[in-house]
Amino acid sequence: MSERMKGILSPIIAIVLFLLFWEWLVWYNDWPNYKMASPSDLWPAFWKFRDLFAMYAWDTLWRTVVGLALAVVVGVAFGVVMGFSKTMRTALYPLLVGFNAVPKATVVPVVALIFVGQHDFNTVLIAFMISFFPIAVSVSIGLSTLEPEYRDILRALGASKLTVFWKIALPKTLPEFFGALKVASTLAFIGTNLMEIVEPHGRGLGHLFDSGKINADYPLMFAVLIALAVLGILLYYAVVILEKIFAGWAEREPTY
Amino acid sequence: MSVDVGIENVSHAYTTGQQSLPVLDKLNLTIPAGQFTAVVGPSGCGKSTLTRLASGLMAPDSGAVTLNEERVTSPRSTVGMAFQNPVLLEWRTIIENVVLPMEIVKHDLTRNQCLKRAAKLLELVGLADFKHKRPSELSGGMRQRASLCRALVHKPDLLILDEPFGALDAFTREDLWQIMRELRGRESFTGLLITHDLRESVFLADQVVVLSGRPATCQYVLDVTLPEDRRIDSLYTPEAVEMLATLREQIEIAQGRKQEVAA
Ligand SMILES: Nc1ncnc2c1ncn2[C@@H]1O[C@H](COP(=O)(O)OP(=O)(O)O)[C@@H](O)[C@H]1O
Ligand SMILES: [Mg+2]
């Protein structure tokens with residue numbers, strides 16, 4: 001069997017074994033549906049609400065992506081300012097750390113109350129708030145640890161600061177940036193779902209999960225969890241693909 | 001085209017907090033156009049500071065750095081630099097690294113002509129087959145050769161080398177000395193080489209300057225009298241051995257381990 005086939009088959013086998021074990025566990029303990037759903041219950045639940053799933057998955061996805069995009073813009077801006085100016089780093093760092101230290105689960109109801117009914121805005125805001133910190137920190141560290149010689153080879157030729165930034169500082173920081181983006185995309189996804197679950201009359205997979213909870217529809221709740229897992233995986237690998245395109249040179253050897 | 005380099009009465013100090021550390025003290029040094037000068041001196045005496053002043057990356061507190069009588073006040077595109085760390089960019093192939101200066105300095109060559117020039121230099125230093133490799137795929141000596149090509153690709157008037165071979169093993173270093181002499185024969189530039197290897201200074205330079213301990217002044221100047229077509233063997237001739245002995249003695253004086261005997 002080729003390495004490639006192994007790479008595709010082995011995770012599939014792992015997933016199938018996991019589902020079988022889950023099915024067996026529910027069957028063996030004779031758990032009713034309202035206690036624990038089994039994999040065979042999920043598909044009917046999913047199919048019954050398939051239109052809602054499609055619509056809400058789209059909501060969750062675009063809110064996460066927009067929040068993440070905002071986090072990238074703001075995080076990179078903060079990172080650049082802190083990376084180049086020691087004064088700004090000293091001034092802003094405690095603020096950012098404090099901001100990041102507040103558990104976002106407590107911010108969610110606050111934001112939901114301030115902007116009542118602004119579902120899209122609230123969700124994007126939380127996704128952004130929860131995910132911009134790692135980006136800002138990684139970019140600032142990447143830029144501030146640039147060895148002076150890297151700067152000097154271009155500066156000695158009369159290159160401007162901006163040129164040094166585009167030609168050297170920015171590309172050199174990309175591997176760290178993408179490392180942070182992987183973390184940030186997961187965080188943004190969590191943020192989106194937190195807000196969707198908390199907000200009444202909202203949309204998104206988080207909302208669908210919440211209505212499953214209210215109606216004690218366990219198969220629906222589990223179906224949402226599976227859908228979220230699939231969405232999370234898609235998001236993560238989208239970042240991995242971007243990383244391969246823009247920072248593939250940093251990879252020492254193929255790991256997967 | 002090479003230039004006359006003048007370091008005239010240059011003094012410089014670094015200020016950190018309230019403390020001021022004088023590094024260079026009324027240093028005088030001239031390098032005639034096309035000549036190669038090596039600067040040796042105790043560690044921490046201000047040699048790298050001298051390269052930063054000569055390249056215009058920093059301005060001296062007092063005194064002047066001149067190129068062809070013209071005062072240097074800021075970096076200029078007619079300078080090429082290489083350091084102990086080859087600082088190659090990992091996201092570029094070797095040839096892309098070498099053409100980097102051509103993306104900064106003004107010139108009227110096409111991209112293709114720039115790549116041709118880079119390829120020619122890489123061939124000269126024996127890296128023709130490694131043009132499209134990544135820096136991490138090369139050995140330390142190969143990376144340093146690529147770094148030399150990058151320092152020369154835009155035909156600088158002045159080549160500044162700050163301990164470029166310092167991190168290499170002895171045999172690789174001797175290879176690179178010969179490559180450096182080869183490059184000197186084909187390209188025209190004035191050279192300023194910082195080194196802590198006395199044999200290297202004698203082999204590569206026309207003139208060796210010994211700096212005193214910090215704050216550094218020009219303590220001794222030695223004119224190298226070896227023939228133009230030097231080989232490593234030339235370092236074992238009686239006159240070379242004598243020059244090396246003189247330099248060794250001067251270094252010990254600079255380090256303060258030996259008193260200067262009044263002649
Ligand atoms: N940017 C700087 N700020 C303060 N001190 C410096 C700076 N750069 C170098 N120095 C100090 O100046 C002295 C000379 O440094 P340098 O020119 O690098 O010496 P070297 O001869 O070893 O190349 C050293 O003692 C070093 O610690
Ligand atoms: Mg030095």
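Residues numbered from 1 in each chain as written. Chains lettered and ligands numbered in written order. Predicted model: local features only at pLDDT ≥ 70, side-chain atom pairs only at ≥ 80, totals over all residues. Heavy atoms only, no water.

Chain B is annotated in an unreviewed UniProt entry as ABC transporter, ATPase subunit of Reinekea blandensis MED297. In its Sequence similarities (unreviewed entry) section, the UniProt entry covering chain B states "Belongs to the ABC transporter superfamily." (UniProt positions renumbered as here; feature names shortened; annotations may be inferred.)

Where an unreviewed UniProt entry is consulted, chain A appears under the name ABC transporter, inner membrane subunit, with the organism given as Reinekea blandensis MED297. We quote the UniProt Subcellular location (unreviewed entry) comment for chain A here in full: "Cell membrane". According to the UniProt record, the Sequence similarities (unreviewed entry) comment for chain A is "Belongs to the binding-protein-dependent transport system permease family."

All names here are of chain B. All residues adjacent to ligand 1 are Tyr 14, Leu 21, Val 23, Ser 43, Gly 44, Cys 45, Gly 46, Lys 47, Ser 48, Thr 49 and Arg 214. Within the side chain of Ser 48, one N or O atom sits 2.8 Å away from an oxygen atom of ligand 1. Arg 214 has a polar side-chain atom sitting 2.7 Å from an oxygen atom of ligand 1. Contact with the protein chains covers 62% of the free accessible surface of ligand 1, which is 560 Å². When contributions to the shell around ligand 1 are tallied by element, the ones reaching two or more residues are strand E2 (19-31) and helix H1 (47-54). Of the residues forming the shell around ligand 1, the biggest block, three residues, is contributed by H1. Taken together, the residues of the shell around ligand 1 sort by class into four nonpolar, five polar and two charged. (Near = heavy atom within 4 Å. Polar contact = N/O pair within 3.5 Å; in protein donor to acceptor, adjacent residues only side chain to side chain. Areas by Shrake-Rupley, 256 points an atom, 1.4 Å probe, with all protein chains shown as cover. Helix = DSSP H or I, 4+ residues; strand = E, 2+ residues; numbered from the N terminus. Nonpolar A, V, L, I, M, F, W, Y, C, P; charged D, E, K, R; others polar.)

The residues that UniProt annotates with the feature "domain: ABC transporter" (unreviewed entry) are residues 5-238 of chain B. Secondary structure over residues 5-238 of chain B splits into 28% helix and 27% strand, and the C-alpha atoms at its two ends are 31 Å apart.

As a further point, take the confidence of the model for chain B. Residues and elements named next belong to chain B. Summing up the model confidence of chain B, the mean pLDDT is 90 and the portion of residues at 70 or higher is 98%. The secondary-structure element of chain B with the lowest mean pLDDT is strand E5 (residues 70-71), recorded at 88, while helix H2 (residues 94-99) shows the highest, at 96. For this predicted complex, the interface score ipTM comes out at 0.81, while the overall pTM is 0.81. (pLDDT = per-residue confidence, 0-100.)

All names here are of chain B. If you walk across this open sheet you meet the four strands as E2-E1-E4-E5, and the pairing is antiparallel. Each edge of the open sheet carries a strand with a single partner, namely E2 and E5. The pairing of strand E1 (residues 5-16) with strand E4 (residues 62-67) spans five bridges and is classified as antiparallel. Following the sheet pairing, Val 5 is matched in E4 by Leu 67. Running over the sheet, H1 touches E1, E2 and E4 and is turned about 65° from E2. (Pairing = 2+ DSSP bridges. Contact = heavy atoms within 4.5 Å. Axes fitted to C-alpha atoms, helices over the stretch in contact; angles between N-to-C directions.)

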